[in-house]
Amino acid sequence: MGTAMSRKLLALALLISALPGSTGACSSDGRGPGGNGRPQAPTAPPPPTFTLLALAEVRGQVEPCGCTTDPLGDIARTAALIRDARAAGPVLVVDAGSLLYSKAPVPPHLVAQEELKADLLAGLYKDTLRVDAIGLGPMDLARGPDKVRLPRVVVNLAASASAAPVAPPPVLPLGSTKVGVLGLVTADAAPGVAVDDPVTAGKRAAAQVRAAGAEFVVGLISATSRRDAVRLVREVGDLDLAVIGLGQATAEPDELIPTAEQEGRTWLVFPANRGQAVARVAVTVRAGAGPLVDAVGEAAAAEVIAQLDVRLAEYERELTAFAADPSADPAFVAAKRRERDEVSARRAVLVNTPLQPPASGSYFTLAHVRINKKLACDGATITAKTTYDRA
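One structure accompanies this document, and this report is about it. Nothing here was measured: the structure is a model prediction, and the numbers come from that model.

The rules behind the values
- Residues numbered from 1 in each chain as written.
- Predicted model: local features only at pLDDT ≥ 70, side-chain atom pairs only at ≥ 80, totals over all residues.
- Heavy atoms only, no water.
- Helix = DSSP H or I, 4+ residues; strand = E, 2+ residues; numbered from the N terminus.
- Buried < 20%, exposed > 50% of the residue type's maximum accessible area, 1.4 Å probe, protein only.
- Contact = heavy atoms within 4.5 Å.
- Areas by Shrake-Rupley, 256 points an atom, 1.4 Å probe, with all protein chains shown as cover.
- Pairing = 2+ DSSP bridges.
- Axes fitted to C-alpha atoms, helices over the stretch in contact; angles between N-to-C directions.
- 1 Å grid on protein atoms, 1.4 Å probe; cavity = no way out; pocket = protein on both sides within 12 Å on 5 of 7 lines; lining within 4 Å.
- Points joined across faces, edges and corners; volume = space filled by probe spheres on them.
- Nonpolar A, V, L, I, M, F, W, Y, C, P; charged D, E, K, R; others polar.
- Parallel < 35°, antiparallel > 145°, perpendicular 65-115°, else oblique.
- Left-handed = near helix turned anticlockwise from the far one by under 90°.
- Core = buried A, V, L, I, M, F, W, Y, C linked by side-chain atoms within 4.5 Å.

A look at the overall build of the protein chain
- Helix and strand counts for the protein chain stand at eight helices and twelve strands.
- Looking at the protein chain as a whole, 51% of its 391 residues are labelled buried.
- When contacts within the protein chain are restricted to residue pairs at least 6 apart in sequence, long-range pairs at least 24 apart make up 79% of them.
- Surface accessibility of the protein chain: about 17300 Å² in total, with carbon and sulfur atoms responsible for 56%.

Now the structure itself:
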């Protein structure tokens, strides 16, 4: 079993164990009173305090990626998604890094094209998408730190790396709260650039943005392995959410885990490779004790329900086979039925109540929005891409 699938199954198991159990009114297949497999009419939830839209490892991709039969990605559709989100409420747009180039090093015969594309992306990020904070990754440094173009909020670049433009970690007012954003890069994700210890720098920067009024802190992490990224987040500690780019280990859309992962107090979000999906995190900040909670939400619930359906079908096949096998151990079969019934009950909970906010304290929902041809395109971005194509 591949590591991506193992992580999906682990995340699913953790989510199932965290959901409330069924009530006596639900039958084992989720089709009793109040559990008929169809959502009840829910009370509309309040709008989130702000919405975070996160990318990482765009790697110079401006058109749909031909990596699947349903090509995903397109900077014009991403721009329209961001534009529409801003029209609906407070939005924070971030990118964890590795934005500019598709190859490192850049082959000599591709230098002119890659530079034009990097200019296009930098201009769109600055003027059209209006990205609030950007980290730094290896695909930004493919042509050296002096080609990074846009300021990065990375707090652990050494003084000798001054050729790369750096911006201080911002503290941004979003709705009724303030959000601080800081970037960290591991040494192997910043080739040719000297970096300071990211843990020390991260702790210091988190304390600074908290002192400046940030109630919520987002980290933009660039690493070359999940293990290194998770260790860094764990040791920094004082982050509410971490958006993580993993270089060559970045997930393709079909490998994405529908729910966020947690490390200590920090929730981890891994955007898809090459801008094929944008991570949308709707954050509701509320007063009250308790840690930040993943409240699941409709998008994540739908994906988890689909995975639970696969598991339930497997249980049914197994139980049918056991029923036809006179040598099957009755105790073992009974245990399998109980497992099936538990999964079915948890499914009914998600169907009827996809949003699972805590009684008090802050919470969020995560959705990986696939950038496909169903989404609208932004006209200004199309114009900029046409100019690039003609250059």
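Let us keep going from here.
With respect to the sheet that holds strand β11 (residues 293-294)
- With mixed pairing, six strands are arranged side by side in an open sheet as β3-β2-β1-β10-β12-β11. Of all strands in the sheet, those with a lone pairing partner are β3 (133-134) and β11, marking the two edges.
- Looking at chain direction, β11 and strand β12 (residues 363-370) are connected through two bridges and run parallel. Counted as the bridge partner of aspartate 294 is phenylalanine 364 from β12.

Things to note about the sheet that holds strand β4 (residues 171-174)
- Here we have six strands laid out as an open sheet, ordered β4-β5-β6-β7-β9-β8, and mixed in their pairing. Each end of this open sheet is capped by a strand with a single partner; those strands are β4 and β8 (261-263). This sheet shows a mean twist of 30° between the axes of neighbouring strands, independent of strand direction.
- Strand contacts of helix α4 (residues 198-211): β4, β5 (177-185) and β6 (216-222), with the helix running at about 165° to β5, the strand carrying the most contacts.

Here we look at empty space enclosed by the protein
- Using the criterion set out here, one finds two cavities of 30 Å³ or more in the structure.
- Here the largest cavity defines a volume of roughly 50 Å³.
- Every residue lining the largest cavity is listed: Leu55, Val58, Gln61, Glu63, Gly73, Asp74, Ile75, Thr78, Arg274 and Gly275.
- Along the lines of polarity and charge, the residues of the lining of the largest cavity split into three nonpolar, four polar and three charged.

Focus: the packing of helix α2 (residues 75-88) against helix α8 (residues 379-390)
- The N-to-C vectors of α2 and α8 enclose an angle of 155°; their axes lie 8 Å apart at closest approach. As summarised for this structure, α2 and α8 are arranged roughly antiparallel, according to the angle between their axes. Crossing handedness for the pair α2 and α8: right-handed. Of the residues in α8, those in contact with Ile75, Ala76 and Ala79 of α2 are Thr381, Ile382 and Lys385.

Examining the nonpolar core
- Core analysis: the biggest nonpolar cluster contains 32 residues, and Leu53, Ile75, Leu99, Tyr125 and Leu129 have the highest contact counts within it.
- For this core, the secondary-structure elements that each account for two or more residues are β1 (50-55), α2, β2 (91-95) and α3 (111-127).
- Element by element, the count of residues in this core is highest for α3, at seven residues.
- Those residues in contact with isoleucine 75 that sit more than four places away from it in its chain are Val62, Leu121, Leu124, Tyr125, Leu129, Thr381 and Lys385.
- In this structure, Ala133, Val269, Ala279 and Phe364 belong to the second largest nonpolar core, which totals 26 residues.

Quick word on the pairing of β12
- The buried fraction of β12 amounts to seven of the eight residues, a majority that puts the element mostly inside the structure.
- As judged from the eight bridges shared by strand β10 (residues 277-284) and β12, these two strands associate in the antiparallel manner. Note that in β12 the partner of arginine 280 across the bridge is alanine 367.

Let's talk about the layout of surface pockets
- Empty space within the largest pocket amounts to approximately 980 Å³.
- Lining the largest pocket we find 41 residues, and of these Pro45, Ala282, Glu298, Leu355 and Thr365 sit closest to its centre.
- Those elements that provide at least two residues to the lining of the largest pocket are β1, α2, β10, α6 (297-323), α7 (330-352) and β12.
- Sorting elements by how many residues they give to the lining of the largest pocket places α6 first, with seven residues.
- In terms of residue class, the lining of the largest pocket is built from 29 nonpolar, nine polar and three charged.

Notes on the packing of α6 against α7
- At their nearest, the axes of α6 and α7 sit 10 Å apart, and the two run at 155° to each other. One way to sum up the angle between α6 and α7 is to call them roughly antiparallel. Regarding α6 and α7, the two cross each other, and that crossing is left-handed. Contact residues: α6 offers Ala301, Val304, Ile305, Leu308, Asp309, Arg311, Leu312, Tyr315, Glu316, Glu318, Leu319 and Phe322, while α7 offers Phe332, Val333, Lys336, Arg337, Glu339, Arg340, Val343, Ser344, Arg347, Leu350 and Val351.

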